[in-house]
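Coordinate analysis (summary)
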Amino acid sequence: MREIIIAGNWKMNAPELRAFAAGMPSGANAPRGVRLIIFPPFPYISAAVRELPAEIGAQDISEHEYGAYTGEVSAAMLLESGAKYTLVGHSERRRFHAETDAIVRLKARRALDSGLRPIICVGETDAERRRGETQGVISAQITAALEGLSREDAARVIIAYEPVWAIGAGVSASPKDAGEVCRAIREVLRYLFEDTAEDIHILYGGSMNSMNSAALLAQPDIDGGLIGSASLDSDAFTGIIKTAAAAAADH
Ligand code: PEP
């Protein structure tokens, strides 16, 4: 049985850590069956590891091991800061930083080889969706990132289905549509990794909030959420965590 993962992507925002932590469930109130991960900006990773009742990840990783790559942060540095996860191929990186499928693949490999778990983001644009290309686009992105991985490495990967048109839009994909795409993602994973596909988490991301999270998490192939805007406010984020805990109890 796959536990539910609730992950907050803070992007280039930094809520005050202690105040945020105070609003989050922890200790005896920690949600059962729910794994919490927060992705703060790089400079806040170490403090977030100390302050937040959650595991911590990085929003990006260099595909290089070390060297003359100004502005880049290596896997070893992230591990030293206490990160356990890294986002890879977020659509904002693909769009604003020209990250190609080839770079996404290198970053995913670098993360896995170093001991970080990659959350690999895939998703179609609005134009691709209108042309009926969603499944083809996603299948190509996943295959490019993962083909040839060992079963052990594949089991450490997390996929985030993030329709580009829903990110930061205030309107999510419908639970039915998101569930269907995540089912199609599971099929691609079965084709690539057979039985291991059942162990791989698939998250939905794109304007998930405390109102729509129950219906999204009720979809059999949606194993959690990658949440941007609603993860910046601990009350809103805690609302989603509570929904996830209820969904985990129902499993
Ligand atoms: C994201 O950036 O990964 C995301 C899902 O953002 P939002 O929840 O704001 O759509």
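Throughout what follows, the structure given in this document is the object of discussion.

Procedures and definitions
Residues numbered from 1 in each chain as written. Predicted model: local features only at pLDDT ≥ 70, side-chain atom pairs only at ≥ 80, totals over all residues. Heavy atoms only, no water. Axes fitted to C-alpha atoms, helices over the stretch in contact; angles between N-to-C directions. Helix = DSSP H or I, 4+ residues; strand = E, 2+ residues; numbered from the N terminus. Parallel < 35°, antiparallel > 145°, perpendicular 65-115°, else oblique. Left-handed = near helix turned anticlockwise from the far one by under 90°. Contact = heavy atoms within 4.5 Å. Nonpolar A, V, L, I, M, F, W, Y, C, P; charged D, E, K, R; others polar. Pairing = 2+ DSSP bridges. Near = heavy atom within 4 Å. Polar contact = N/O pair within 3.5 Å; in protein donor to acceptor, adjacent residues only side chain to side chain. Areas by Shrake-Rupley, 256 points an atom, 1.4 Å probe, with all protein chains shown as cover. Phe/Tyr/Trp six-rings, centres within 6.5 Å; stacked < 30°, edge-to-face > 60°. Buried < 20%, exposed > 50% of the residue type's maximum accessible area, 1.4 Å probe, protein only. Right-handed = clockwise from strand over helix to strand, strands pointing away.

1. Here we look at the packing of helix α7 (residues 134-146) against helix α9 (residues 175-193)
For the pair α7 and α9, the least separation of the axes is 10 Å and the interaxial angle reads 40°. On the basis of their axis angle, the class for α7 and α9 is oblique. The interaxial crossing formed by α7 with α9 has right-handed handedness. Across the interface between the two elements, Thr134, Gln135, Ile138, Ser139, Ile142, Thr143 and Leu146 of α7 pack against Glu180, Val181, Ala184, Ile185, Val188, Leu189, Leu192 and Phe193 of α9. The residue inventory of the contact of α7 with α9, partitioned by class, reads 10 nonpolar, 4 polar and 1 charged.

2. As for the sheet that holds strand β3 (residues 55-58)
On the basis of which strands lie adjacent, the closed barrel formed by 8 strands has the order β1-β2-β3-β4-β5-β6-β7-β8 and parallel pairing. The sheet shows a mean angle of 25° between the axes of neighbouring strands, direction not considered. Relative to strand β2 (residues 34-39), strand β1 (residues 4-9) is paired through 6 bridges, and the arrangement is parallel. Of the residues in β2, the one forming a bridge with Ile6 is Leu36. Sheet contacts for α7: β5 (117-122) and β6 (158-161); angle to β5, the most-contacted strand, approximately 155°. On the sheet, α9 packs against β5, β6 and β7 (201-205) and is oriented at approximately 145° with respect to β6.

3. Notes on the site of the ligand
Taken together, the neighbourhood of the ligand is formed by 14 residues, with Lys11, Glu162, Gly168, Ser207 and Ser229 sitting nearest. Gly168 places a polar main-chain atom, nitrogen or oxygen, 2.7 Å from an oxygen atom of the ligand. Between the ligand and the protein, one listed contact pairs an oxygen atom with a backbone N or O atom of Ser207 at 2.7 Å. Taking 290 Å² as the accessible area of the ligand by itself, protein coverage stands at 99%. The residue inventory of the shell around the ligand, partitioned by class, reads 4 nonpolar, 8 polar and 2 charged.

4. Comments concerning the packing of aromatic side chains
Applying the stated criterion across every chain yields a total of 3 aromatic pairs. Three or more aromatic residues joined by ring pairs make a cluster, and in this case those are Trp10, Phe20 and Phe237.

5. Digging into the pairing of β2
In terms of residue burial, β2 counts as a mostly covered element, since 5 of its 6 residues are buried. Handedness of the crossover joining β1 and β2 through helix α1 (residues 17-23): right-handed. Taken together, the 2 bridges between β2 and β3 define a ladder with parallel strand orientation. The residue bridging Ile38 from the neighbouring strand is Ile56, located in β3. The parallel pair β2 and β3 is bridged by helix α2 (residues 45-51), and the resulting crossover is right-handed.

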